[in-house]
Amino acid sequence: MSFVFLHVAPPNAISQRYNKQITAWVYPLFEQNWRLFAPDPDSVNRQISARTAHTAPDGSVQVSEWFDLTAMDNSAVRHNVFPSHTTQNLLRRAWTSYLEQYGGNDEPHSARAVMMQRYLRNIAVDRMTAHNGRRPFESIQLRVITFPVPAPGAPGAGRPAPSGAPTPTENRLLPWWKVNSDGN
């Protein structure tokens with residue numbers, strides 16, 4: 001609680017001296033923004049999937065199938081009468097923050113960008129570890145497919161689309177990220 005206080009308090013000797021430690025603890029857990037009071041709803045839907053890679057003893061690389069992390073979140077929300085805010089937004093907000101820091105390329109330009117990449121990676125690793133059970137992996141890769149949000153009453157807005165699935169507006173494949181042998 002002290003870190004949060006020092007983060008929001010006017011600049012002082014303590015908050016200036018320990019700014020790096022305070023910022024590392026406060027972000028991304030207590031990120032501040034005004035979206036609660038002036039929400040800016042997403043104009044797109046994103047499907048975030050992950051796959052893992054493991055090097056076998058013979059040197060061959062075994063790559064898993066894609067696993068839909070977004071579907072996992074959507075299922076948890078649909079099957080819970082009182083879904084938590086975290087269940088609904090953790091992965092989505094991690095991706096949005098990553099996108100804000102990195103833009104169109106995957107090269108970090110700040111310490112915050114590196115932190116957001118680690119945050120997104122750790123969420124994916126935790127979920128893939130739970131999904132894979134005890135199968136080890138040393139790398140993880142994310143794929144983000146972006147779809148437009150259909151207009152109310154349009155095909156795909158709760159009604160079956162006559163021509164099938166909506167056309168993605170973007171299909172982004174992130175680089176492979178190295179993780180420890182236990183997946184963390």
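In this text, all values refer to a predicted model and were calculated from it rather than measured experimentally. (Residues numbered from 1 in each chain as written. Predicted model: local features only at pLDDT ≥ 70, side-chain atom pairs only at ≥ 80, totals over all residues. Heavy atoms only, no water.)

Q: Hey, could you go over the overall build of the chain for me, with residue numbers and the actual values?
A: When helices and strands are tallied, the chain shows 6 helices and 6 strands. Going from the N terminus to the C terminus, the chain shows its helices and strands as α-α-α-β-β-β-α-α-α-β-β-β. Within the chain, buried positions represent 30% of all 184 residues. Look at the contacts in the chain between residues 6 or more apart in sequence, and 63% of them connect residues 24 or more apart. For the chain, the accessible area works out to roughly 12,000 Å², and carbon and sulfur atoms hold 57% of it. (Helix = DSSP H or I, 4+ residues; strand = E, 2+ residues; numbered from the N terminus. Buried < 20%, exposed > 50% of the residue type's maximum accessible area, 1.4 Å probe, protein only. Contact = heavy atoms within 4.5 Å. Areas by Shrake-Rupley, 256 points an atom, 1.4 Å probe, with all protein chains shown as cover.)

Q: Which residues make up the nonpolar core, and what values go with them?
A: With 22 residues, the main nonpolar core has L69, L120, I140 and L142 as its most contacted residues. Sorting the residues of this core by element identifies β1 (44–55), α5 (85–102), α6 (111–132) and β4 (139–148) as the ones contributing at least two each. Once residues lying within four places of it in the same chain are set aside, the contact partners of L69 are I48, S49, A50, L91, A124, R127, M128 and L142. (Core = buried A, V, L, I, M, F, W, Y, C linked by side-chain atoms within 4.5 Å.)

Q: Tell me about a nonpolar patch on the surface, residues and numbers included.
A: Where nonpolar side chains cluster on the molecular surface, the patch consists of V61, V63 and W176 and spans about 270 Å² of accessible area. Considering the arrangement of structural elements, one finds V63 in strand β2 (residues 61–63). (Patch = residues over 30% accessible without salt bridge, like charges linked within 9 Å, V, L, I, M, F, W, Y side chains within 5 Å. Salt bridge = Lys/Arg side-chain N within 4 Å of Asp/Glu carboxyl O.)

Q: I'd like a rundown of the packing of helix α4 (residues 69–78) against α5, residues and numbers included.
A: Interhelical geometry of α4 versus α5 gives an angle of 165° and a closest axis separation of 9 Å. The orientation of α4 with respect to α5, classified from their angle, is roughly antiparallel. As α4 packs across α5, the resulting crossing turns out to be left-handed. Facing α4, whose interface residues are L69, T70, D73, A76 and V77, α5 presents T87, Q88 and L91. Looking at the contact of α4 with α5 residue by residue, the class counts come to 4 nonpolar, 3 polar and 1 charged. (Axes fitted to C-alpha atoms, helices over the stretch in contact; angles between N-to-C directions. Parallel < 35°, antiparallel > 145°, perpendicular 65-115°, else oblique. Left-handed = near helix turned anticlockwise from the far one by under 90°. Nonpolar A, V, L, I, M, F, W, Y, C, P; charged D, E, K, R; others polar.)

Q: How would you explain the packing of aromatic side chains if you had to name every residue and give the values?
A: Going through the model one piece at a time under the given rule, you end up with 3 aromatic pairs. Ring centres of W95 and Y98 lie 5.3 Å apart, and the angle between their planes is 25°; this geometry places the pair in the stacked category. Remark: Y98 and W95 occur in helix α5; sequence separation between them is 3 residues, near one turn of the helix. Side by side, W95 and Y98 carry an identical accessibility label, which is buried. (Phe/Tyr/Trp six-rings, centres within 6.5 Å; stacked < 30°, edge-to-face > 60°.)

Q: Outline α4, listing residues and values.
A: What α4 keeps buried is the set L69, T70 and D73. Viewed end-on, α4 has its buried residues packed into an arc of 100°, placing them on one side of the element. Looking at the buried positions of α4, the neighbouring elements they touch are β1, β3 (67–68), α5, α6 and β4. The opening residue of α4 is D68, an N-cap whose side-chain oxygen sits 3.1 Å from the backbone nitrogen of T70. (Arc of directions from axis to C-beta. Polar contact = N/O pair within 3.5 Å; in protein donor to acceptor, adjacent residues only side chain to side chain.)

Q: Describe the environment of S64, listing the residues and the values that go with them.
A: Along the chain, S64 turns up in the loop between β2 and β3. For S64, a relative accessible area of 23% puts it in the partly exposed group. Through-space distance from the C-alpha of S64 to that of A50 is 8.9 Å; in sequence the pair is 14 residues apart. Leaving out residues up to four positions away in the same chain, S64 has contacts with R51, T52 and M128. In this structure the side chain of S64 is engaged in a polar contact, spanning 2.8 Å, whose partner is the backbone nitrogen of T52.

Q: Help me get a handle on the side chain of Q117, residues and values and all.
A: Mapped onto the elements, Q117 comes out in helix α6. A relative accessible area of 12% places Q117 in the buried class. In contact with Q117, not counting residues within four places along its chain, are Y98, Y102 and W177.

That's the geometry; what it means functionally is another story.
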